[in-house]
Amino acid sequence: MTDVSPLFRPFHIRGLELKNRIVMAPMTRARSPGAFPNDNNVAYYARRAAGEVGLILSEGTHTRRRGAGNDANVPLFWGEQALAGWKRVIDAVHAAGGKMGPQLWHQGMSRKPGTGHFPDAPSDGPSGIDLKGEKVASEPSEAEVLDMAQAYADAAGDAKRLGFDCVELHGAHGYLIDEFFWERTNQRTDRFGGSIEKRAEFAAEAIRRCRLAVGELPIIIRISQWKSGEFTAKVATTPQELERWVKVLVNAGVDAIHCSQRRILEPEFPAVDGPNGLNLAGWVKKLSGLPTISVGSVGLSSEFIGAFRGEGSSVGKLDEIIARLDRGEFDLVAVGRAVLQDPEWALKVKTGRQNELRDYDAKSLQTYF
Ligand SMILES: Cc1cc2nc3c(=O)[nH]c(=O)nc-3n(C[C@H](O)[C@H](O)[C@H](O)COP(=O)(O)O)c2cc1C
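Residues numbered from 1 in each chain as written. Predicted model: local features only at pLDDT ≥ 70, side-chain atom pairs only at ≥ 80, totals over all residues. Heavy atoms only, no water.

Chemist: Any details on the site of the ligand? Residues and values, ideally.
Modeler: In the vicinity of the ligand lie 18 residues, with Pro 26, Thr 28, Arg 222, Ser 297 and Arg 337 positioned nearest. The backbone of Pro 26 places a nitrogen or oxygen atom 2.7 Å from an oxygen atom of the ligand. Here an oxygen atom of the ligand and a backbone polar atom of Gly 60 are 3.2 Å apart. When the ligand sits alone it has 600 Å² of accessible area, and the protein chains cover 96% of it. Its residues assigned to classes, the shell around the ligand comprises eight nonpolar, eight polar and two charged. (Near = heavy atom within 4 Å. Polar contact = N/O pair within 3.5 Å; in protein donor to acceptor, adjacent residues only side chain to side chain. Areas by Shrake-Rupley, 256 points an atom, 1.4 Å probe, with all protein chains shown as cover. Nonpolar A, V, L, I, M, F, W, Y, C, P; charged D, E, K, R; others polar.)

Chemist: Residues and numbers for the nonpolar core, please.
Modeler: Within the largest apolar cluster, 94 residues are counted, with the highest numbers of intra-cluster contacts made by Ile 221 and Trp 345. In terms of residue count, helix α3 (residues 142-162) provides more of this core than any other element does, ten residues in total. The residues touching Ile 221, leaving out its near neighbours within four places in the chain, are Leu 169, Gly 171, Ile 177, Phe 181, Ala 203, Ile 207, Leu 249, Val 254, Ala 256, Ile 257 and His 258. Counting residues in each nonpolar core, the second largest holds 15 residues, with Leu 16, Ala 25, Ile 220 and Ala 334 among its members. (Core = buried A, V, L, I, M, F, W, Y, C linked by side-chain atoms within 4.5 Å. Buried < 20%, exposed > 50% of the residue type's maximum accessible area, 1.4 Å probe, protein only. Helix = DSSP H or I, 4+ residues; strand = E, 2+ residues; numbered from the N terminus. Contact = heavy atoms within 4.5 Å.)

Chemist: Could you give me a rundown of the pairing of strand β10 (residues 332-335), with the residues and numbers involved?
Modeler: Regular strands place their side chains on alternate faces of the sheet. Side chains of β10 alternate between two faces, with Leu 332 and Ala 334 and Val 333 and Val 335 buried alike. Pairing of strand β3 (residues 22-24) with β10 involves three bridges; the strand directions are parallel. Each residue of the ladder has a partner; that of Ile 22, found in β10, is Val 333. Pairing geometry for strand β9 (residues 292-295) and β10, over three bridges, is parallel. Across the sheet, the residue bridging to Val 295 is Ala 334, located in β10. The parallel pair β9 and β10 is bridged by helix α10 (residues 319-327), and the resulting crossover is right-handed. (Pairing = 2+ DSSP bridges. Right-handed = clockwise from strand over helix to strand, strands pointing away.)

Chemist: Got a sec to walk through the packing of aromatic side chains? Specific residues and values, please.
Modeler: Here the structure, examined in full by the defined rule, presents 16 aromatic pairs. Between Tyr 152 and Phe 202, the aromatic rings sit 6.3 Å apart at their centres with planes inclined by 70°, giving edge-to-face as the arrangement. Of the two residues, Tyr 152 sits in helix α3 while Phe 202 sits in helix α6 (residues 201-214), which places them 50 residues apart along the sequence. Exposure class is identical for Tyr 152 and Phe 202. Each is buried. Among the aromatic side chains, those forming a connected cluster through ring pairs are Tyr 44, Tyr 45, Phe 77, Trp 86, Phe 164 and Tyr 368. We note Lys 227 situated over the ring of Trp 182; from NZ or CZ to the ring centre the distance is 5.5 Å. The side chain of Arg 262 reaches across the aromatic face of Phe 231, ending 4.0 Å from its centre. (Phe/Tyr/Trp six-rings, centres within 6.5 Å; stacked < 30°, edge-to-face > 60°. Lys NZ or Arg CZ within 6 Å of the ring centre and 35° of its normal.)

Chemist: Tell me about the packing of helix α7 (residues 239-252) against helix α9 (residues 280-288), and name the residues and values.
Modeler: Running from amino to carboxyl end, α7 crosses α9 at an angle of 65°, the nearest separation of the two axes being 9 Å. Here the hand of the crossing between α7 and α9 comes out right-handed. Mapping the contact onto sequence places Pro 239, Leu 242, Glu 243, Val 246, Lys 247 and Val 250 in α7 and Leu 280, Trp 283, Val 284, Leu 287 and Ser 288 in α9. Here the residues of the contact of α7 with α9 sort into eight nonpolar, one polar and two charged. (Axes fitted to C-alpha atoms, helices over the stretch in contact; angles between N-to-C directions. Left-handed = near helix turned anticlockwise from the far one by under 90°.)

Chemist: So, the environment of Ser 314: which residues are in play, and what are the values?
Modeler: Along the chain, Ser 314 falls in the loop between β9 and α10. Residue classification places Ser 314 among the partly exposed residues on the basis of a relative accessible area of 34%. Residues contacting Ser 314, with those up to four places away along its chain left out, are Gly 299, Leu 300, Ser 301 and Asp 359.

Chemist: Please give an account of the side chain of Glu 303 that cites residues and values.
Modeler: By secondary structure assignment, the location of Glu 303 is in the loop between β9 and α10. The exposure class assigned to Glu 303 is buried, which follows from its relative accessible area of 13%. Of note is the side chain of Glu 303, whose polar atom sits 3.0 Å from the backbone nitrogen of Ile 305. Excluding residues that lie within four positions of it along the chain, Glu 303 makes contacts with Arg 262, Arg 263, Ser 297 and Arg 337.

Chemist: How would you summarise the sheet that holds strand β6 (residues 167-173) if you had to cite specific residues and measurements?
Modeler: With respect to topology, eight strands assemble into a closed barrel ordered β3-β4-β5-β6-β7-β8-β9-β10, the strand pairing being parallel. Taken over all neighbouring pairs, the strand axes of this sheet differ in orientation by 25° on average, direction set aside.

Chemist: Please provide a residue-by-residue account of the pattern of salt bridges, values included.
Modeler: Per the stated rule, a full pass over the model turns up 35 salt bridges. The partner of Arg 209 in a salt bridge is Glu 205, with the nearest N and O atoms 2.8 Å apart. Taken together, the residues span about one helical turn, with Arg 209 and Glu 205 both in helix α6 at a distance of four residues. Two residues, Lys 234 and Glu 268, come together in a salt bridge whose shortest N-O distance is 2.7 Å. Here Lys 234, found in the loop between β7 (219-227) and α7, pairs with Glu 268, found in the loop between β8 (256-260) and α8 (270-273); they are 34 residues apart in sequence, far enough to count as distant. Owing to a relative accessible area of 35%, Lys 234 belongs among the partly exposed residues under this scheme. Linked by salt bridges that have partners in common, Glu 142, Arg 191, Glu 201, Glu 205, Arg 208 and Arg 209 make up one network. (Salt bridge = Lys/Arg side-chain N within 4 Å of Asp/Glu carboxyl O.)

In structure tokens form, the structure reads like this:
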């Protein structure tokens, strides 16, 4: 029987005490008609809190930029009705003993024009360049870029006012912040483009503005090397570049970095430390000195993109992941599909009921429990 105790040791990010190392990964559900969290959304999160998840990160929820999203069923994180819904979510999560932060999401140029809550609004991006590298719109002015950064801070301030425990900026997967990180989509020649430090400056600007809005509330940023549909893309091709990238985030005052991989055990720089080398969260922790969250196929045998093609995944082993956590390679482990399917996943692992864990069934995407 695997010793799961390292997963259930407390941890803290800044002043936030977490009862264990299990994080619910942010997962878009697009089940908020009207763009505000409803009774089903409240119960969905409360169930995961009752199921012993240490920290819940919400599905991506949009900032006030009108072109932030492409699906009108994704909840917003601004406006009276949406914030009232989110207040009910956090109160229910707290009542069930959980901790939670919203994931603040702006899709950038990944959003197709003509879609989302405000179909007429233009999509925002660093240079008007889409993920394929095609110039499809004009480059925004510096004032517009600063407003995009402020939009995260406005949402973060609201998160604090509502009583959330932290905020996460979605800086991964080819969305707005990641489009600033990535050379292909960022061709700016001002302080937001050029070297890797300058490409990280938009994230730094957003983090600094969030800090002014939230005071001591922990700020997490999620980053990834890969982009949607571009799984071999890399922002940093060497540990040296990665260090330059994350140092900008550290200096801006971020409290933790969530490193998105599709497979948690994949080494980030195998040419440097071999086939069993550190994963992205391991490298980022080593180079930044900050707590990191790792993620990707935890408790399952295959990665998540297949879920959108209707593919299931069988139950996978936790031993190696727990061993790495125990060695301090990373500090927290985010779990996506396994917790989506089974709100009691963490509780079952904790109480030795691993034999009750079921293979992931892609039909879980269609239900909302
Ligand atoms: C249905 C679904 C929706 C997702 N939505 C988001 C999202 O809103 N924000 C985000 O950063 N990642 C999103 N992801 C990625 C997950 O956070 C996670 O990184 C991924 O599922 C890998 O974890 P897993 O293998 O445990 O499922 C989503 C994944 C799934 C399956």
